[in-house]
Amino acid sequence: MNKFRSRSMKKVLPALLLAFSLLLSAVPFMVNAETASGEAGDGGKYALTDTIQAEVKSILNERTSGGTRLGVVVRLYNESSRIARIPDYELRAGTSGDIVYTLRPSAANAVAIQPQEKVELSYLVELDRSDEFMLTTLSWFDVDEFEYPKKENEVLKIPVDGLEWRGSQTLASSGEHAISWGEPFQLPFLSRSLVFTPVQALQQASSQGPVLLVVLLAENKSEMQEKLPDFRIDGNTEKKTYPGKRADKAPEKLEPGEKVYVTFSIPLENNATKLKSLTLLTPETFVSPAKEVTTYTVGRLNIAIPPEKEAPSIHKLAEYTLSQPIAIDPLFKLTADKVDISMVELHMHSAEGEGYRTAIAKFKLLNRSDKPVFVPGFQAEIVTEGGFSYMGSRQLTAAQTLLPNLGYIISYSFNLPNSESGSKLAINLLDNQIAAPYNLPIASYRTKAQPEAEEGPLYFYPFEVKLNDWYLGYSTLFGSGGLTYTYKLQLNLDIARQDNIVVDENFSKMKIELVNKLGKTIAAQSLPFTGTDRLISGDQVITFSGLKTDSYEFPLSIRFYESIATPFGEAKRLVRTLQQR
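The shown structure was predicted, so the numbers you read here are calculated from the model rather than taken from an experiment.

Novice: I keep staring at the overall build of the protein and nothing clicks. Help me out?
Specialist: If you tally the helices and strands in the protein, you get three helices and 42 strands. When the 581 residues of the protein are sorted by exposure, 47% land in the buried category. Partitioning the intrachain contacts of the protein with sequence separation of at least 6 by distance along the chain shows that 66% fall at a separation of at least 24. For the protein, the accessible area works out to roughly 30500 Å², and carbon and sulfur atoms hold 50% of it.

Novice: Explanation requested: unusual backbone geometry in the structure shown.
Specialist: P462 follows Y461 through a cis peptide bond whose omega is 10°. In this chain, F554 is followed by P555 through a cis amide linkage whose omega measures -5°. Here P555 shows up in the loop between β40 (538-544) and β41 (557-566). One non-glycine residue with positive phi stands out, namely Q116, at about 60°. Since its relative accessible area comes to 56%, Q116 is described here as exposed. Here the phi dihedral of S323 falls at roughly 75°; this positive angle occurs in a residue that is not glycine. As for its placement among the helices and strands, S323 is situated in the loop between β23 (293-304) and β24 (339-351).

Novice: What am I meant to see in the pattern of salt bridges here?
Specialist: Pairing between side chains becomes possible if they bear opposite charge and their charged atoms approach one another. Counting across every chain of the model gives 25 salt bridges. A salt bridge links E90 to R92; the nearest nitrogen and oxygen atoms lie 2.7 Å apart. Note on E90: relative accessible area 24%, which makes it partly exposed. The partner of R246 in a salt bridge is D248, with the nearest N and O atoms 2.8 Å apart. A cluster of three or more residues bridged by salt bridges with shared partners is formed by K57, R75, E120, E284 and R300.

Novice: It is not clear to me how the confidence of the model for the protein should be interpreted in this structure. Could you clarify?
Specialist: Fine structural detail should not be taken from predicted coordinates in areas where pLDDT scores are low. Taken residue by residue, the protein gives an average pLDDT of 86. The fraction at 70 or more is 88%. Between residues 1-43, whose pLDDT stays under 50, and residues either more than four places distant or in other chains, the model counts 37 contacts.

Novice: Looking at this structure, how should I read the pairing of strand β31 (residues 407-417)?
Specialist: A regular strand carries its side chains on alternate faces of the sheet. Of all 11 residues in β31, nine are buried; the element is thus mostly enclosed. Bridge analysis of strand β25 (residues 356-367) against β31 gives 11 bridges, and the strand direction is antiparallel. Counterpart to K364 in the pairing with β31 is I409. Relative to β31, strand β29 (residues 393-394) runs antiparallel, the two being bridged by two bridges. Bridge pairing in β31 places S393 opposite S413. Bridge count for β31 against strand β37 (residues 501-502) is two bridges, and the pairing is parallel. Bridge pairing links Y408 to V502 in β37.

Novice: Would you mind going over the sheet that holds β41 with me for this structure?
Specialist: Strand pairing in a sheet relies on backbone hydrogen bonds, with the paired strands running either antiparallel or parallel. Taken together, the four strands give an open sheet; going across it, the order is β39-β38-β41-β42, and neighbouring strands pair in antiparallel fashion. Two strands bound the open sheet, and with one partner strand each, they are β39 (521-527) and β42 (569-579). Each neighbouring strand pair of the sheet contributes to a mean axis angle of 25°, computed without reference to strand direction. In the sheet, strand β38 (residues 509-515) pairs with β41 via seven bridges, with the strands oriented antiparallel. The partner of K511 across the bridge, within β41, is Y561.

Novice: Just checking my understanding: could you explain the packing of aromatic side chains for this structure?
Specialist: Here the distance between the centres and the angle between the planes together describe a pair of aromatic rings. Going through the model one piece at a time under the given rule, you end up with 17 aromatic pairs. Between F463 and F529, the ring centres sit 4.6 Å apart and the planes meet at 15°, which makes this aromatic pair stacked. One end of the pair, F463, is in strand β35 (residues 463-479); the other, F529, is in the loop between β39 and β40, and 66 residues separate them in sequence. For F463, a relative accessible area of 5% translates into the label buried. For F529, a relative accessible area of 5% translates into the label buried. Seen in terms of ring centroids, Y487 and Y552 are 6.0 Å apart; in terms of plane orientation they differ by 20°. Their pairing is stacked.

Novice: I'm lost on the side chain of K57 in this one. Help?
Specialist: Positionally, K57 belongs in strand β2 (residues 52-64). For K57, a relative accessible area of 10% translates into the label buried. Contact partners of K57, with chain neighbours within four places excluded, come to V73, V74, R75, E120, L190, E284 and R300.

Novice: Even after reading the chapter, I still don't get the sheet that holds strand β33 (residues 440-447), so can you show me in this structure?
Specialist: The four strands are arranged β28-β27-β32-β33 in an open sheet whose pairing can be described as antiparallel. The open sheet terminates on both sides in strands that have one partner only, identified here as β28 (389-391) and β33. Each strand of the sheet is rotated relative to its neighbour by a mean of 25°, with strand direction disregarded. The sheet contact formed by strand β32 (residues 425-431) and β33 spans seven bridges and is antiparallel.

Novice: I tried to follow the nonpolar core on my own but got confused; where do I start?
Specialist: General note: in soluble globular proteins, nonpolar side chains tend to be found buried as a group. In terms of nonpolar packing, the biggest core is built from 42 residues, with I326, F363 and L429 touching the most fellow members. Listing elements by their share of this core, those giving two or more residues are β15 (209-220), β24, β25, β27 (379-384), β31, β32 and β33. Not counting chain neighbours up to four residues away, the residues in contact with L429 comprise I326, I328, I341, F363, F378, Q379, A380, L440, P441, I442 and A443.

Novice: For this particular structure, what's the right way to read the environment of R368?
Specialist: Along the chain, R368 turns up in the loop between β25 and β26 (373-374). Given the relative accessible area of 40%, R368 is considered partly exposed. Spatially, the C-alpha atoms of R368 and L406 are 7.4 Å apart, while their sequence positions differ by 38 residues. For R368, the residues in contact, after removing those within four places along its chain, are D337, K338, D340 and N405. Only 2.8 Å separates the side chain of R368 from the side chain of D340, close enough to count as a polar contact.

Novice: How should the environment of P188 be read in this particular structure?
Specialist: Tracing the backbone through its elements, the reader meets P188 in the loop between β13 (185-187) and β14 (191-206). Exposure remark for P188: the relative accessible area of 39% places this residue in the partly exposed category. Sequence-wise, P188 and K57 are 131 residues apart; in three dimensions their C-alpha atoms are separated by 10.0 Å.

Novice: Hey, could you run me through the environment of Y242 in this one?
Specialist: Structurally, the position occupied by Y242 is in strand β18 (residues 241-242). Y242 sits 27 residues away from E269 along the chain, and the two C-alpha atoms are 8.9 Å apart. Residue contacts for Y242: discarding those within four places in its chain leaves D234, G235, T237, I266, P267, L268, E269, T273 and L275. Looking at Y242, its side chain comes within polar contact range of the side chain of E269, at 3.1 Å.

Reading the values: rules and limits
Residues numbered from 1 in each chain as written. Predicted model: local features only at pLDDT ≥ 70, side-chain atom pairs only at ≥ 80, totals over all residues. Heavy atoms only, no water. Helix = DSSP H or I, 4+ residues; strand = E, 2+ residues; numbered from the N terminus. Buried < 20%, exposed > 50% of the residue type's maximum accessible area, 1.4 Å probe, protein only. Contact = heavy atoms within 4.5 Å. Areas by Shrake-Rupley, 256 points an atom, 1.4 Å probe, with all protein chains shown as cover. Salt bridge = Lys/Arg side-chain N within 4 Å of Asp/Glu carboxyl O. pLDDT = per-residue confidence, 0-100. Pairing = 2+ DSSP bridges. Axes fitted to C-alpha atoms, helices over the stretch in contact; angles between N-to-C directions. Phe/Tyr/Trp six-rings, centres within 6.5 Å; stacked < 30°, edge-to-face > 60°. Core = buried A, V, L, I, M, F, W, Y, C linked by side-chain atoms within 4.5 Å. Polar contact = N/O pair within 3.5 Å; in protein donor to acceptor, adjacent residues only side chain to side chain.

As structure tokens, then:
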């Protein structure tokens, strides 16, 4: 026995020296008799030593392909004013069948805690057991391996009934830890200052199929900066779980009183997939002695899916007045403080021979500040009275910044069914950057298409073109290829332009097409409002050559369009039609 003790002391001495270096004045690990029985102190903490409090963060009891995985994460708090060594206790999990399993500590676990700080310790064990069982207790044991027979002392025992996570359907099937849609909640195990509220659930299309976007509003209620915790949201049906992931670019930390939207994307199988609920999960990590890392998630909260809505009623939206600043959700930070977005035009016309109608919406971006700011990137969507949505194509733009006290025009084109009259529409402005490639609504309003005037000036905001007189003539030329025709359109124009509006080479053009009696375009010319060849007031002659006909045709229709270049090609708005007589 003495020889055994001698060998034991040789092994223990280095450990004692290490502990002494961490803790100059070591305090004996004494257990409070009351907390040892499993009574919790404030906030669910239990006294592990005189200076260290223990708290259970998460418990995993999950079936795997090879059996069962048990994972436990605990938090230890050093409530003293000195560094505290973490006692080398065994952590054991007791089951409902009175079986006890010893959990292996992570190789990444800390060995000491700074004063008034906390650490997380991770434990894991893989079991060759496939039947279902539940964990009931967690116990810390002080084990003296160098005594014979081995001595064990139960230091702390905590009841954990109902705390374990048993897989993706645990909360979904039990209904425990559930909240209603729109109900604010906190995650005290991650932050006691952040409040989250489910605000939007949107289904959108992606290249991989339909995706459900879940948007939470996060608010820092404290007077200190708070880190945004790491978690994810999954979608659950009766029999299957669809994993989600973060899809936004929200800041890592929130300032006191700051609010942000946190967005998660959940890929679905098809548009018919009906989710029953959502589960909020947090990640945990375990490192084996061989430095192999195991990651898993633990469910925290079950969130009800918002009730299905009927086709959205545009009548509930506020009616928009042209040229008035649009109220943008400020949490998206789409624009600078003194940048206004307003819609100045919305026109619609039938696309001849195409089987659809084209709508063109123009938005004015006005920089009211004394400094240049970036041109805000956003998307526009039209929603019809029946609830059908049509995404717009944004014009190609050259400007990257808005100059002080000046406006800039951006146009969007929409392809709509021929049956759409345009009398009852809604416009949604969408942020297509914070959760790219997805779109999140930032403003909505009710509006209608403006009728095209049959008489009076032609409007190409910010230009007003008054057509005083016109004449379409032709000339002939006989050459080696035979007789060819050239049409010449003489125009007398007065062009007025609104002040403080900047246009560049990508601004829309006035396009003139000559159309025969069969509705075929035989010639076209695009005339810019900017540059050296721009339209000007006074007399102008426009020549149409290279005709798509080999004979003189009469009478012709002269169609004036507003032509807009988009990433998907040219979009046109019919402004006026003249008939040759």
